Amino acid sequence: PPPSSAEPTEPDFRVNTSSEKALPSLARQGAFRQDLLLILSTFEIHVPPLRERTADIALLAPSLLERMDPTCKGLTIHPLSLKILKSYEFPGNIRELQTILEHACLLADGREILPHHLPRECLRAYERRGMTDNREPGPESGSSDRGFPM
């Protein structure tokens, strides 16, 4: 029946939720409703944080770029840029990956996201892990033997 109808109808919907909090623990402490937890826990899917599944970055990044602004479509990610992204911990999970890619897209002056297009915190994380690679293309075309600019 139409929405304005007075005829009763059976609801037909699903609720998908996610949380960074340990809801069962919060329910035991009384900080989350136990009855709501039981309803929401009908079918639980555990998805580890991005930092625990860095191999997924190679699949997620191109997909995220395709969904962004039209200027980001078709951008590729330089292999070293991908390596840098994989070294980053992503405290903000996939939303942070998306923000980082948006940042890089705005700075990319060609069709490839190069290391110097990535935010400084990604580059610093890469350096802290001792993973520097001096063969990274610099901001100018061609390659640079200086490493990436900080």
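What counts, and where the lines are drawn
Residues numbered from 1 in each chain as written. Predicted model: local features only at pLDDT ≥ 70, side-chain atom pairs only at ≥ 80, totals over all residues. Heavy atoms only, no water. Helix = DSSP H or I, 4+ residues; strand = E, 2+ residues; numbered from the N terminus. Buried < 20%, exposed > 50% of the residue type's maximum accessible area, 1.4 Å probe, protein only. Core = buried A, V, L, I, M, F, W, Y, C linked by side-chain atoms within 4.5 Å. Contact = heavy atoms within 4.5 Å. Polar contact = N/O pair within 3.5 Å; in protein donor to acceptor, adjacent residues only side chain to side chain. Salt bridge = Lys/Arg side-chain N within 4 Å of Asp/Glu carboxyl O.

A. Summary view of the environment of E44. Residue position: E44 is located in the loop between α2 (34-40) and α3 (57-67). Look at E44 and you get exposed, because its relative accessible area is 64%. When the C-alpha positions of E44 and T17 are compared, they lie 9.6 Å apart, and in sequence the two are 27 residues distant.

B. Fine view of the nonpolar core. Core analysis: the biggest nonpolar cluster contains 27 residues, and L65, L85, F90, L101, I113 and L118 have the highest contact counts within it. For this core, the element with the highest residue contribution is helix α5 (residues 93-107), accounting for five residues. Setting aside residues no more than four positions away along its own chain, L101 makes contact with A61, L64, L65, M68, I77, L85 and I113.

C. Structural context of the side chain of H116. Tracing the backbone through its elements, the reader meets H116 in the loop between β2 (112-113) and α6 (120-128). Here H117 takes part through its side chain, which lies 3.4 Å from a polar atom of the side chain of H116.

D. Geometry of unusual backbone geometry. Phi at F90 takes a positive value of approximately 50 degrees, unusual for a residue other than glycine. Topologically, F90 is positioned in the loop between α4 (79-87) and α5.

E. Geometry of α4. Those residues of α4 not exposed but buried are L80, S81, L82, I84, L85 and S87. Its buried side turned inward, α4 meets α3, β1 (76-77), α5, β2 and α6.

F. Expanded view of the pattern of salt bridges. According to the stated counting rule, one finds three salt bridges in the structure shown. Residue D35 pairs with R33 through a salt bridge whose shortest N-O separation is 2.6 Å. A relative accessible area of 54% places R33 in the exposed class. For E89, the salt bridge is made with R129, and the minimal N-O distance between the two is 2.7 Å.

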